[in-house]
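# Structural overview for review
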Amino acid sequence: MEGGAYGAGKAGGAFDPYTLVRQPHTILRVVSWLFSIVVFGSIVNEGYLNSASEEEEFCIYNRNPNACNYGVTVGVLAFLTCLLYLALDVYFPQISSVKDRKKAVLSDIGVSAFWAFLWFVGFCFLANQWQVSKPKDNPLNEGTDAARAAIAFSFFSIFTWSLTAALAVRRFKDLSFQEEYSTLFPTSAQP
């Protein structure tokens, strides 16, 4: 079986960063990582306002601290999740057991789908709170670009995480095929 991208034949080989960087799931993971930085960075930097009449800062999204907290929390956790799965992508070729590879890919499917859902909820929540924000709370329009950027990149993150889940499903199918092939032809030599 030529290629062996998911088989034990490639396990234990030298790490090839060029191959890693060219893989679609790695590219999507890096893009998702960047999007999460934009979302939580925008909210942390310009998502809170203060007025002369009040002592404490308030969230730019309809004065709802839960909206800012959700955006920052999801952004930071997505950032860390991307780093974790990038490390798994680096380590993945070293895994020789097809069953262990299937577990890694199944976790990738579940986690990516879960994050797509969380970003969908975040987009809807932030967009709704932004829509009902009162102009009198922010008469100088401070931080409006950052608030819109957080909403936009929350929306874009839905697609990057969904595509990552779809690519993981494809990887899982490839692994299942390889497991069936190995079961049917146990004595065939790997090139």
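Residue numbers restart at each chain and count upward from 1, following the sequence in its written direction. Reporting of local features is limited, given that this is a predicted model, to residues whose pLDDT is at least 70; pairs of side-chain atoms are given and counted only at 80 or more, and all residues count toward the totals for whole chains, interfaces and linings. As a convention, hydrogens and water are excluded, and side-chain values are obtained from all of the structure's heavy atoms.

## Focus on the packing of helix H2 (residues 24-46) against helix H3 (residues 65-91)
Their axes nearest at 8 Å, the elements H2 and H3 cross at an angle of 155°. One finds that H2 runs roughly antiparallel with respect to H3. Where H2 crosses over H3, the handedness of that crossing is left-handed. For the pair H2 and H3, contact is made by His25, Thr26, Arg29, Val30, Ser32, Trp33, Ser36, Ile37, Val39, Phe40, Ile43 and Val44 and by Cys68, Gly71, Val72, Gly75, Val76, Ala78, Phe79, Cys82, Leu83, Tyr85, Leu86 and Asp89, respectively. Interaxial angles span 0 to 180 degrees and are taken between N-to-C directions of axes, which are lines fitted to C-alpha atoms, for helices over the stretch in contact. Only DSSP runs of H or I covering at least 4 residues are called helices, and only runs of E covering at least 2 are called strands; the numbering of each starts at the N terminus. For classification, angles of less than 35 degrees are called roughly parallel, those exceeding 145 degrees roughly antiparallel, those between 65 and 115 degrees roughly perpendicular, and all remaining angles oblique. Here a crossing is called left-handed whenever its near helix is offset anticlockwise from the far helix by less than a right angle, and right-handed whenever the offset is clockwise. Pairs of residues are marked as contacts when any of their non-hydrogen atoms sit within 4.5 Å.

## Some remarks on a nonpolar patch on the surface
Residues qualify for a patch when their relative accessible area is over 30% and they have no salt bridge, like charges being joined within 9 Å and the nonpolar side chains of Val, Leu, Ile, Met, Phe, Trp and Tyr within 5 Å. Shrake-Rupley sampling with a 1.4 Å probe provides the accessible areas, and residues are treated as covered by the protein chains on show and by no other component. In what follows, salt bridge is the name for a side-chain nitrogen of Lys or Arg lying within 4 Å of a carboxyl oxygen of Asp or Glu. Judged by side-chain polarity, Val76, Leu77, Leu80 and Leu83 come together as a nonpolar surface patch covering roughly 310 Å² of accessible area. Mapped onto the secondary structure, Leu77 falls in helix H3. Using a relative accessible area of 42% as the deciding quantity, one classes Leu77 as partly exposed. The buried label applies to any residue whose accessible area, calculated with a 1.4 Å probe on protein chains only, is under 20% of its type's maximum; exposed applies above 50%, and partly exposed to all values in between.

## Points about the packing of aromatic side chains
Aromatic rings in a pair are described by how distant their centres are and how their planes are angled relative to each other. Put simply, two rings from Phe, Tyr or Trp (the six-membered ring, in Trp's case) pair if the centres are within 6.5 Å, and we call them stacked under 30 degrees between planes, edge-to-face over 60, tilted for the rest. Applying the stated criterion across every chain yields a total of 12 aromatic pairs. When the ring of Phe114 is compared with that of Trp115, the centres are 6.1 Å apart and the planes differ by 70°; the resulting orientation is edge-to-face. On the basis of relative accessible area, Phe114 is assigned to the partly exposed category, the value being 47%. Look at Phe153 and Phe156: their rings are 5.4 Å apart centre to centre, the planes differ by 90°, and that puts the pair in the edge-to-face class. Here Phe153 pairs with Phe156, and both are found in helix H5 (residues 144-184), just three residues apart, close to one helical turn. By relative accessible area, which is 35% here, Phe156 ends up partly exposed. Whether a charge lies above a ring is judged from NZ of Lys or CZ of Arg, which has to be within 6 Å of the ring centre and within 35 degrees of the ring normal. Lying over the aromatic face of Phe58, Arg63 brings its terminal NZ or CZ to 3.8 Å of the ring centre. The ring of Phe92 has Arg171 sitting right over it, with the charged end atom 4.3 Å from the ring centre.

## Re the state of the cysteines
Only a pair of cysteine sulfur atoms within 2.5 Å qualifies as a disulfide here. All told, the structure shown has one disulfide when counted by the stated rule. Residue pairing for Cys59: its cysteine sulfur links by disulfide to Cys68, the two sulfurs lying 2.0 Å apart. On the sign convention where negative means left-handed, the S-S torsion of about 85° between Cys59 and Cys68 marks this disulfide as right-handed. One exposure class covers both Cys59 and Cys68, and it is buried.

## Topic: unusual backbone geometry
Notably, Asn62 is not glycine yet its phi reads approximately 60°, a positive angle. Position of Asn62 relative to the elements: it lies in the loop between strand S2 (58-59) and H3. Here Arg63, not a glycine, exhibits a phi torsion of approximately 60°, which is positive. The topology assignment puts Arg63 in the loop between S2 and H3.

## Side note on the UniProt feature "transmembrane region" (unreviewed entry) in the protein
As recorded in UniProt, the feature "transmembrane region" (unreviewed entry) lies at residues 26-44, 70-92, 104-130 and 150-169. Annotated as residues 26-44, this span is 100% helix and 0% strand, and its ends, taken at the C-alpha atoms, are 27 Å apart. For residues 150-169, the end-to-end C-alpha separation is 28 Å, with 100% helix and 0% strand making up the annotated structure. UniProt positions are given in the numbering used here, feature names are shortened, and annotations may be inferred rather than shown by experiment.

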